[in-house]
Amino acid sequence: MSATSHFTVRVGAIGAIALLLTALSPARADDDAGKGTGNERPGKVSTAIAKGLGKIRLDGDMLALLKAHEGLKPKAIEKLDVRAARANPTVADAVQALLRQNQRSTDPAQLAPGITSVDATVQGAAGPLPARFYTPAGPGPFPVVVYFHGGGWVLADKQVYDASARAIAQQAQALVISVDYRRAPEARFPAAWDDALAAYRWTLANAANRKGDTSRVALAGESAGGNLALATAIAARDAGLQKPAHVLAIYPLMQSSLNTESYLENALAQPLNRAMVQWFLDQLLEDKAQLKDWRLNLIDARLAGLPPVTLISARVDPLRSDSAKMEDALKRADVLVERRDYEGVTHEFFGAAAVVEKARNAQAFAGERLRRAFGN
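The shown structure was predicted, so the numbers you read here are calculated from the model rather than taken from an experiment. (Residues numbered from 1 in each chain as written. Predicted model: local features only at pLDDT ≥ 70, side-chain atom pairs only at ≥ 80, totals over all residues. Heavy atoms only, no water.)

Enquirer: Looking at this structure, how should I read the overall build of the chain?
Expert: In terms of helices and strands, the chain carries 14 helices and eight strands. When the 376 residues of the chain are sorted by exposure, 55% land in the buried category. Taking the contacts inside the chain whose residues are at least 6 apart along the sequence as the reference set, 76% of them involve residues at least 24 apart. (Helix = DSSP H or I, 4+ residues; strand = E, 2+ residues; numbered from the N terminus. Buried < 20%, exposed > 50% of the residue type's maximum accessible area, 1.4 Å probe, protein only. Contact = heavy atoms within 4.5 Å.)

Now the structure itself:
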């Protein structure tokens, strides 16, 4: 057996163990598990396996970031109510902690120079939505990117994903509009999708007032937001709206099955695991029948006629297979697509360029793809 084959078998074995543990009752899988008991810390067994998996598969800088995140004592989101989950330390918090630990600046203006930001609103499907506008230096007009943050449609906001949106503005030399769409469970499916399309409509009509070139508008998103970006491109096509110049989807959720190869392989991964995705879906949906909706199963949607798509995925991520399946589906629909899978990193790595080298590489790749789409 080759060294590569041996490595694959070893990783597969860890994934199988992780899957077995998730199938067990919480009391058996984790001796300190239990929602609402005051023991919402990740279980000792699952934490040990996740750490072992990380040491085998992750780059040193990614491991350092996850260690910094662990130092903030995050609780297991799948054991929390929504309010507590939203208060949980994020990977963005861990980046800040690691920068301070290394006596480096946390000032966004220094981490992504040449970009200014201002908070305002855009029109959503049910009223105004908070948004943040990131603008490069210069007179413009600049091409425009409508960006949707991650968080499983339940957590996070434009501030948590500030580094990602700011980096896209810098790398693409574009006006980026980061939209705080409505979140579940206060606004369940499909509120976020309705808001995303409404924000795209608003951008086409109004971005010129903010140095935007509305003839060149792309869609981008991260995790749950990556799903929104591609779904919005489909909805725009069906509504007869201007075709986006490009779609950038960063480790997106593209289908609703939790039994893909990467879900099983990374069932206990950090910072995103299989149980967390199930928790997100539980908050999002009114009933299980909605799991069959095309907006949650974009790999089976009608994809013909979409603009070129860029997919970015992380190797140690339950959602990795979603990007691979979407790449295949787009090719079958004759849509131009390029996917880049980054070894040694996890879900949420993209916005961590201040401390993770692969994130810097991914941001540069995303910027290059967007610039090409904009004709720059």
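Enquirer: I'm lost on the packing of helix α4 (residues 60-71) against helix α6 (residues 91-101) in this one. Help?
Expert: Two numbers describe how α4 lies on α6: the axes approach to 8 Å, and their chain directions differ by 100°. On the basis of their axis angle, the class for α4 and α6 is roughly perpendicular. For the pair formed by α4 and α6, the contact residues are Ala-64, Leu-65, Ala-68 and His-69 on the first element and Val-91, Ala-94, Val-95 and Leu-98 on the second. Its residues assigned to classes, the contact of α4 with α6 comprises seven nonpolar, one polar and no charged. (Axes fitted to C-alpha atoms, helices over the stretch in contact; angles between N-to-C directions. Parallel < 35°, antiparallel > 145°, perpendicular 65-115°, else oblique. Nonpolar A, V, L, I, M, F, W, Y, C, P; charged D, E, K, R; others polar.)

Enquirer: Just to check I follow, could you spell out the confidence of the model for the chain for this structure?
Expert: Close reading of the predicted structure is inappropriate where its pLDDT is low. Averaged over every residue, the pLDDT of the chain is 90; the share at 70 or more is 85%. Segment residues 1-34: pLDDT under 50, and 45 contacts once partners within four positions in sequence are set aside and those in other chains are kept. (pLDDT = per-residue confidence, 0-100.)

Enquirer: Sorry if this is basic, but what is going on with the packing of helix α8 (residues 162-172) against helix α14 (residues 357-374) here?
Expert: It is at 8 Å that the axes of α8 and α14 come closest, and there the two elements cross at 50°. The pairing of α8 with α14 is recorded here as oblique in orientation. The two elements α8 and α14 cross, and the hand of that crossing is right-handed. Here Ala-167, Ile-168, Gln-171 and Ala-172 of α8 come into contact with α14, specifically with Gln-363, Ala-364, Gly-367, Leu-370 and Arg-371. Tallied by class, residues from the contact of α8 with α14 come to five nonpolar, three polar and one charged. (Left-handed = near helix turned anticlockwise from the far one by under 90°.)

Enquirer: Could you clarify how one ought to interpret the side chain of Glu-327 in this entry?
Expert: Along the polypeptide, Glu-327 turns up in helix α13 (residues 320-332). A distance of 2.9 Å separates the side chain of Glu-327 from the side chain of Arg-339, its partner in a polar contact. Not counting chain neighbours up to four residues away, the residues in contact with Glu-327 comprise Leu-311, Val-337 and Arg-339. (Polar contact = N/O pair within 3.5 Å; in protein donor to acceptor, adjacent residues only side chain to side chain.)

Enquirer: Looking at this model, I keep getting lost on the pattern of salt bridges. Mind explaining?
Expert: Here the idea is simple: oppositely charged side chains can pair when their charged atoms come close. In total, this model carries 22 salt bridges according to the counting rule given. With a closest N to O distance of 2.6 Å, Arg-132 and Asp-119 form a salt bridge. Here Asp-119 lies in strand β1 (residues 115-123) and Arg-132 lies in strand β2 (residues 128-136), a separation of 13 residues in the sequence. Salt-bridge contacts for Arg-315 lead to Asp-341; the nearest nitrogen and oxygen are separated by 3.3 Å. Remark: Asp-341 occurs in strand β8 (residues 337-346) and Arg-315 occurs in strand β7 (residues 309-316); sequence separation between them is 26 residues. A relative accessible area of 24% means that Asp-341 is categorised as partly exposed. The structure contains a network of salt bridges with shared partners spanning Arg-57, Glu-261, Glu-265 and Arg-320. (Salt bridge = Lys/Arg side-chain N within 4 Å of Asp/Glu carboxyl O.)

Enquirer: Whenever I open this one, helix α10 (residues 224-239) confuses me. Can you help?
Expert: An α-helix turns once per 3.6 residues; consequently, residues spaced three or four apart project the same way. Compared with the 22 Å implied by 1.5 Å per residue over 16 residues, the 22 Å span of α10 between its first and last C-alpha is a close match. With 13 of 16 residues buried, α10 is to be regarded as a mostly interior element. Looking one or two places after α10, you find Gly-240, whose phi comes out positive at around 75°. (Expected span 1.5 Å × (residues − 1).)

Enquirer: I would appreciate a short explanation of α13 in the present structure.
Expert: Counted at 1.5 Å a residue, the expected span for α13 with its 13 residues is 18 Å, and the 19 Å between its end C-alpha atoms agrees. Buried within α13 we find Arg-320, Ser-321, Asp-322, Ser-323, Met-326, Glu-327, Ala-329 and Leu-330.

Enquirer: Please explain the pairing of strand β5 (residues 212-222) as it appears in this structure.
Expert: The two faces of a sheet get side chains in turn, since along a regular strand they alternate between them. β5 sits mainly inside the fold: nine of its eleven residues count as buried. Relative to β5, strand β3 (residues 142-148) runs parallel, the two sharing six bridges. When the bridges of β5 are listed, Tyr-147 appears paired with Ala-220. As defined by bridge partners, β5 adjoins strand β6 (residues 247-250) across four bridges and the pair is classed as parallel. Among the inter-strand pairings, Ala-220 is bridged to a residue of β6, identified as Leu-248. Taking the sense of rotation as the criterion, the β-α-β connection linking β5, α10 and β6 turns out right-handed. (Pairing = 2+ DSSP bridges. Right-handed = clockwise from strand over helix to strand, strands pointing away.)

Enquirer: Got a minute to help me understand the packing of aromatic side chains in this structure?
Expert: One pair of aromatic rings is described through two measures. These are the centre distance and the angle between the planes. Within this structure, the stated rule accounts for six aromatic pairs. Arranged with centres 6.0 Å apart and planes meeting at 65°, the rings of Phe-133 and Trp-202 form a pair that is edge-to-face. Taken as a pair, Phe-133 in strand β2 and Trp-202 in helix α9 (residues 191-206) lie far apart in primary sequence, 69 residues in all. Residue classification places Trp-202 among the buried residues on the basis of a relative accessible area of 16%. Members of the aromatic cluster, each reached through a chain of ring pairs, are Trp-153, Phe-189 and Trp-193. Seen from the ring of Phe-365, Arg-340 lies directly overhead, with NZ or CZ sitting 3.9 Å from the centre. (Phe/Tyr/Trp six-rings, centres within 6.5 Å; stacked < 30°, edge-to-face > 60°. Lys NZ or Arg CZ within 6 Å of the ring centre and 35° of its normal.)

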